[in-house]
Every structure is written in structure tokens, then in C-alpha cells.
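An overview of the molecular structure
The chain contents come next:
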Amino acid sequence: MHQVEIATTRETLLDSPEMVLNMGPQHPSTHGVLRVVLRLDGETVIDLDCDIGYLHRGMEKIAENRQYPMIAPYWDRLDYIAAVSNGLVWVETVEQMMRLEVPPRAHYIRTILTELNRISSHLLWLATHALDIGAVTILLWALREREEVLKIFERQFGARLTCHAWRIGGMPSDAYEGFSADVNRFVNNFPKRIDEYETVLSENRIWLGRTVGIGVISAEDAVAIGLSGPALRGSGVAWDIRKARPYAAYADVDFDVPVGENGDTYDRYLVRLEEMRQSRRIVQQALEKMPDGPVNAKTPKIIKPPPGEYYHSIEGPKGEIGGRHA
Amino acid sequence: MPLVNVPKPTFSQKLKRFFLVDLMKGLGLTLKYNLGAITDRDAVAGHGIYTEQYPKVRPDVAPRFHGAPRLNMDPETHDTLCIACNLCALACPEDCIDVIAMDIEITVAGKPRKKKVLDEFIFDTSRCMFCALCQEACPTACLELTQDFELATYSRAGFVWNREMLEQGRETVKYES
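Residues numbered from 1 in each chain as written. Chains lettered and ligands numbered in written order. Predicted model: local features only at pLDDT ≥ 70, side-chain atom pairs only at ≥ 80, totals over all residues. Heavy atoms only, no water.

This paragraph deals with the domain arrangement of chain B. Parsing chain B into structural domains produces domain 1 (9-51) and domain 2 (69-168). Just the C-alpha atoms count here: the centres of domain 1 of chain B and domain 2 of chain B sit 55 Å apart. (Domains from an automatic or database assignment.)

What follows is the structure in C-alpha cells.
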């Protein structure tokens, strides 16, 4: 990325109303570790320069020294808000390399739980985004709904965040007793909750003032810089891997891909809210269609895929996430 | 920087804006929650208090929860179920399990034989990420991750659990109100 110009001479320093502010890498308002060099005119950000790389944890090197089933828990930690989706990338990559036929029931349970994970990830986004720009109420409400999703994860996987959700060839265990009832209760209550968020936010003048027209990314720019997920769709590009290259049971469920018009923060907010509604629809349909049967394919004891280069990607809550095996 | 065309507000929109309708809608909803927190303390109708009262009330974690490790024993003979096969140590991605076996002399049908039995079992909970791969690898359902989730200790050495701790469980100080 380009460098932020820093005024150095006495004249430019004194005459210019601009100020360069170094934010991060450890800053309470940045979620995650990121250094941002900001050029400010009063409270308006004119230019910024992102310095990434502080979160390098050497995952690739760790993966080099592990067997295939052992790498799965590390995938959860790449993005612990979306651990279920992340885990799915890895197991699906290995399954495709080994040409394992996963039973349909496992596909449906994977679809349900990854969509619930999308909802929980979007809820955390909504909660913290609203908190950052001044609406504290939404934080408490969104985390309340997220808690219900995390309870389902805990009952199913035994952990709330870093679930280690899937195994190569299927699942560690079948859906727990009461899974359908829990998911159904969440699915039935959730639309009312999204409407509540909309009541508080969507027309609120403070919210509008802080999101409409802010951070506009045009469709061409979004494609050029390689955005994906809701950020890309907010700019009006209808690209969704769930539709383009269906994995798990997405080919069997009906859902829409919401897109924005202007590509500003408000559009991305609307896209994410609509995505939560669509995810709820997917969960509902998948739960109705979920077949009985085994949840594990016939997997060899020693998992050793043939050598070669493979790439498989899925639509994670924050965009495309892919697993590459070289 | 590309800009966004915001359509001009109509008269009714202006009127609503003047009378703070957008803010009042949100405030009305939050007021409903505030009243709900008084009348509906256990969140039955969905407007009450959701906070968990830990440590006063310990939460019930799910049966599948991955918490503190435990070495199960035979409920009748109180012998360990562990056969020192080392599969858990091999399955662990973080290499935090050490199984130390020893050979003992036994007599099977009058003939002396050697048998491998468990001597010591070291489980480093500070490096464990509770992925439960060891539990799945165990052929005798001996190593199990339990529902116990309070693992804090005062020293780094306290995270390393030995066989006695794994079999008997660790004593934790319970909160008294």
C-alpha cells in the first residue's frame, strides 16, 4: 500500500491543519493487532496506511510438522469467531484430496452449524461495530443471541469458540439429543430479534450520520483489491461461493444473496443483517430436510492424501476462506 | 473519493425527523427491556436478566464439554483403565501428554510373563487446547475430558498434572457466599 505523506518542514507542520496519528498495533479500539497510520483533518480521516503482519503466528510451519487430523484444531484459531466455518475448509479440502464420500446427514449438519456460525460472527460484528460508534445497547442484545448459538455449539462440539467441530470424513459424533429443538427455538425467535436491531439502528439519525456515505468502496475497487464476502456484496457484486461452487448441502437449500447499492458502511450493515435472515432460512430448510443415517464416511485409519497441490474454498462469514495443500 | 447519492427527504420524512420519531422508536424498545428486567427477572418472556451469577451459581456445562482431563478407573476394582498404549500421546497435536510405562512380571498359566503397565502419566494442561483428539484416540475410554473447567493455579508448575491428580481430580477452592 502507499505511504502516508508526513509533513516534515516547519512551514508544512505549522500551516497544515492535518495531523498524522499512529494508531496501534496494540490499541483498545482495534479488534486484533493492526497498526494504522492515519492522516487526520480534525476528526476526518483523509488518508491511512495499514501495517499488517502483527498476527503472524507461523501456522504454515506448525502445519508442516503435524499429521492431517492434528491440523484441524489450529484452523479454529485462525479466526476464533468463525471456528466452525474455518474447520470445515480444512476437512473438506482433505476429503476432496482423498475422494471421501461424506454421508448426506453430515453435510446437512455441517450446513446448519456453519450457518449458525455465520449468524454468530455477524452478531459479534454488529455488536462491536455498534459499540464503536456509540450504540451500547446493541452489544448486549446481539451477544445475548450469540450466546444461544454458542450454547448449541457447546452441546454439540464440547467447546464454545474453538470448537474443533469436524473430523476428516464426517463428524466426531452425531447431533446431540435435543439438537433440532434447540435450533428450532433459535430459528423461531431470531427474526424478532433482528427486527429489534433494525428498530434501534436502521433509521436512527446518529447511526445514519455515522454510516451513510462513509467508507465507500466502488464495485470495481472492491474487485480490484480482492474483497470478498459481505464487504464485496455491500459494493453491489453478487459473488457468493455458496451459490457459485456449492459445498456441503448448499445446493439443496434455497436462499438469496443480498447486495448493496452504494458500497458504504450502511450498505454493508444492511447486507450483513439480510445475510443473517438468509442464514436463518438456510438453517430452517436444512433442518427440515436433514436425513437420517450415518455421519461418518469410511475413513482409513491413517489419513494420507495423495501428493499434489489442491485448493478448496468456502464462503466464511467474513469472506472467502480457502485451504491450500502443496 | 466516491460519494453516495442520498435521496432528498420527503415532507413526511422531514416531519418525522423533526418530532424525533426515529429516536423515540429505539428508546421505546429499550424502555420495554428496562421494565422487563424488573418484572421478568429470569428472562422467561425474553426481556429479563441474562447475566450468569458465576461464581455464586456455577453454570451447568454440556455433557460433551472438553474440560479438565481425568484418568478413569474401573469402578469395581479401582484399577486404572489405562493400558499404557501411548495412543493419546501420539494423537496430541501439542505433544503435551507423556505416558511412562513399566514392565512387571506376572505369571500367566504358571509361566512368567512381562506385562506393560502404567507407571506415570503427565498431562500438561498449560499447552493443552482441549481439542479432545486424545479422548477419541483412547481405546479403553480411560482418558476423558470432563466438565470441570476451573483450571487456574498459582504457579506454572501447577498446570502439569501427574497421575495422582488425573485420577483423583484436583481440589479447588469453592466460592462461599
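Okay, back to it.
We now examine the nonpolar core. Grouped together as the largest cluster of nonpolar side chains are 74 residues, with contacts concentrated most on A:Leu113, A:Leu116 and A:Phe179. A total of twelve residues in this core trace back to one element, the largest contributor, which is helix H5 (residues 104-132) of chain A. Counting 22 residues, the second-largest nonpolar core is a separate cluster that includes B:Leu71, B:Cys96, B:Phe121 and B:Trp161. (Core = buried A, V, L, I, M, F, W, Y, C linked by side-chain atoms within 4.5 Å. Buried < 20%, exposed > 50% of the residue type's maximum accessible area, 1.4 Å probe, protein only. Helix = DSSP H or I, 4+ residues; strand = E, 2+ residues; numbered from the N terminus.)

For the rest of this paragraph, the subject is the packing of helix H7 (residues 179-201) of chain A against helix H2 (residues 21-39) of chain B. The interhelical angle for the contact between H7(A) and H2(B), taken along N-to-C directions, is 130 degrees, at an axis separation of 7 Å. For the element pair H7(A) / H2(B), the angle class is oblique. Along the contact surface, H7(A) presents A:Arg193, A:Glu196, A:Thr199 and A:Val200, while H2(B) presents B:Lys25, B:Gly26, B:Leu29 and B:Tyr33. Residues of the contact of H7(A) with H2(B), tallied by class, amount to three nonpolar, two polar and three charged. (Axes fitted to C-alpha atoms, helices over the stretch in contact; angles between N-to-C directions. Parallel < 35°, antiparallel > 145°, perpendicular 65-115°, else oblique. Contact = heavy atoms within 4.5 Å. Nonpolar A, V, L, I, M, F, W, Y, C, P; charged D, E, K, R; others polar.)

Attention shifts here to empty space enclosed by the protein. Residues and elements named next belong to chain B. Following the criterion strictly, the structure yields three cavities of 30 Å³ or more and no others. Approximately 90 Å³ is the volume attributed to the largest cavity. Around the largest cavity sit 16 residues that line it, and Cys-82, Cys-85, Cys-88, Cys-138 and Pro-139 are the ones nearest its centre. Residues that form the lining of the largest cavity fall into these classes: 14 nonpolar, two polar and no charged. Approximately 80 Å³ is the volume attributed to the second largest cavity. In terms of lining residues, the second largest cavity is bounded by 14 residues, among which Cys-92, Cys-96, Cys-128, Cys-131 and Cys-134 are the most central. Grouping the constituent residues of the lining of the second largest cavity by class yields twelve nonpolar, no polar and two charged. (1 Å grid on protein atoms, 1.4 Å probe; cavity = no way out; pocket = protein on both sides within 12 Å on 5 of 7 lines; lining within 4 Å. Points joined across faces, edges and corners; volume = space filled by probe spheres on them.)

Moving on, we come to the environment of A:Ala181. All names here are of chain A. Mapped onto the elements of the fold, Ala-181 is located in helix H7. Ala-181 gets classed as partly exposed once you look at its relative accessible area, which sits at 46%. Between the C-alpha atom of Ala-181 and that of Phe-255, which follows or precedes it by 74 residues, the distance is 22 Å.

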